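# Fold and contact review
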Amino acid sequence: LTLGLITTSLALHAPSQIAASVKKHAREAHYQVLISMIDEHDPLAIQQSINEFKSQFVDKILINVPLETPVAQALAAQNNDVMCLFLDVAPDSGVFHVIFDPANGTQESVKRLHELGHHSVALMPGPQHSISAQLRLASWVTSLAELGLTPAAIIFGSWDAQSGYDDVRQLIENKVEFSAILAGNDQMALGALSALNQANIAVPAQVSVIGYDDSYESAFFIPSLTTVRLDLDAQGKEAVARVLVATQENRPANCILPAEFVLRDSIL
Ligand code: IPT
């Protein structure tokens, strides 16, 4: 009994935690997991991995690769002889999925900053090619607009600490005025904290920072990081449970997990 997992780089926070969760919950159901790690920009690589799984008679496949709706729909349609469940697609994609709500934690982050009196918020989403980064960005922008605000700046990153560091250096260099930063994930927020510290900008006294993910380390950043929690173990568990019982005739409902705001010391 084997389950397939197609994932982007396991060096990143979420993919590694999701893989660990999938392994654990699959084992409890007496399934082993075959992992195929691919380059995230390449839909052909996903199809190749699916073909390899098929040739090994693996017919239940979890796909944790950021996919825009047309690509996800095409993959699902081309592979209707196996059961594919998607972990990084838009809520309205129409494909079988277990994902996080891209709006509730992002809305709450903007609301909290506004309540604290912030009007100049710089947005540092993850990579532009990631559907989740796009959806989080869209939700920040909409939430700001509802309060009559426009972002002080938008600079994309690449999920890693270096990109958060580089983004803040760029804001400073371009003399952008900002009193708060919304980062695409906690690793980027860590890089941002480091660049702010180096520029003698105090967090949270001068600039507030909010991350996303709630990685295990985030409570130990200096200052401890306010963020949005993704329960990645719950995502793996729900995904395994759903894909294992799914048949072409009887597919369980999709699942949208909440992304919860976590208040710590990095905002004021
Ligand atoms: C998303 C994480 O929030 C981000 O930090 C990064 O690890 C990314 O995954 C990698 O693709 S969470 C994902 C389930 C949308």
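Look above for the structure.
Turning our eyes to something else, we now look at the site of the ligand. Around the ligand there are 13 residues in total, and Ala14, Ser132, Arg136, Asn185 and Asp213 lie nearest to it. For the ligand, an oxygen atom lies 3.3 Å from a polar atom in the backbone of alanine 14. Between an oxygen atom of the ligand and a side-chain N or O atom of asparagine 185, the distance comes to 2.9 Å. Relative to its unbound accessible area of 400 Å², the ligand is 97% covered by the protein chains. When each cavity is represented as a set of grid points, the ligand is found to reside in the largest cavity.

What follows concerns the layout of surface pockets. Roughly 270 Å³ of internal volume is contained in the largest pocket. Together, 16 residues line the largest pocket, and Gln17, Asp214, Tyr216, Leu230 and Leu232 are the ones closest to its centre. Secondary-structure elements contributing two or more residues to the lining of the largest pocket are α1 (13–28) and α8 (232–245). A total of five residues in the lining of the largest pocket trace back to one element, the largest contributor, which is α1. Among the residues making up the lining of the largest pocket, the classes are represented as five nonpolar, four polar and seven charged. By volume, the second largest pocket amounts to about 170 Å³.

With that out of the way, let us pick up the nonpolar core. Formed by 29 residues in total, the largest nonpolar core has its most connected members in Leu3, Leu62 and Leu85. Looking at this core, the elements that each hand over two or more residues are β1 (2–7), α1, β4 (83–86), β5 (98–100), α8 and β11 (255–257). No other element matches α8, which puts six residues into this core. Once residues within four sequence positions are removed from consideration, leucine 3 is found in contact with Val22, Ala26, Tyr31, Gln32, Val33, Leu34, Val58, Lys60, Leu62, Val240, Val243 and Leu244. Grouped together as the second largest cluster of nonpolar side chains are 24 residues, Ala122, Met124, Ala133 and Val209 included.

Looking now at the sheet that holds strand β8 (residues 180–183). The strand order across the open sheet formed by four strands is β7-β6-β8-β9, and the pairing between neighbours is parallel. The two strands at the open ends of the sheet, each matched to only one other strand, are β7 (153–154) and β9 (208–210). Pairing analysis gives three bridges linking β8 to β9, with the strands arranged parallel. Pairing of isoleucine 181 across the sheet is with valine 209, part of β9. Sheet contacts for helix α5 (residues 131–146): β6 (121–124), β7 and β8; angle to β6, the most-contacted strand, approximately 165°. Across the sheet, helix α7 (residues 186–198) touches β6, β8 and β9, and the angle it forms with β8 is around 150°.

Reading the values: the criteria
Residues numbered from 1 in each chain as written. Predicted model: local features only at pLDDT ≥ 70, side-chain atom pairs only at ≥ 80, totals over all residues. Heavy atoms only, no water. Near = heavy atom within 4 Å. Polar contact = N/O pair within 3.5 Å; in protein donor to acceptor, adjacent residues only side chain to side chain. Areas by Shrake-Rupley, 256 points an atom, 1.4 Å probe, with all protein chains shown as cover. 1 Å grid on protein atoms, 1.4 Å probe; cavity = no way out; pocket = protein on both sides within 12 Å on 5 of 7 lines; lining within 4 Å. Sits in = over half its atoms within 2 Å of the grid points. Points joined across faces, edges and corners; volume = space filled by probe spheres on them. Helix = DSSP H or I, 4+ residues; strand = E, 2+ residues; numbered from the N terminus. Nonpolar A, V, L, I, M, F, W, Y, C, P; charged D, E, K, R; others polar. Core = buried A, V, L, I, M, F, W, Y, C linked by side-chain atoms within 4.5 Å. Buried < 20%, exposed > 50% of the residue type's maximum accessible area, 1.4 Å probe, protein only. Contact = heavy atoms within 4.5 Å. Pairing = 2+ DSSP bridges. Axes fitted to C-alpha atoms, helices over the stretch in contact; angles between N-to-C directions.

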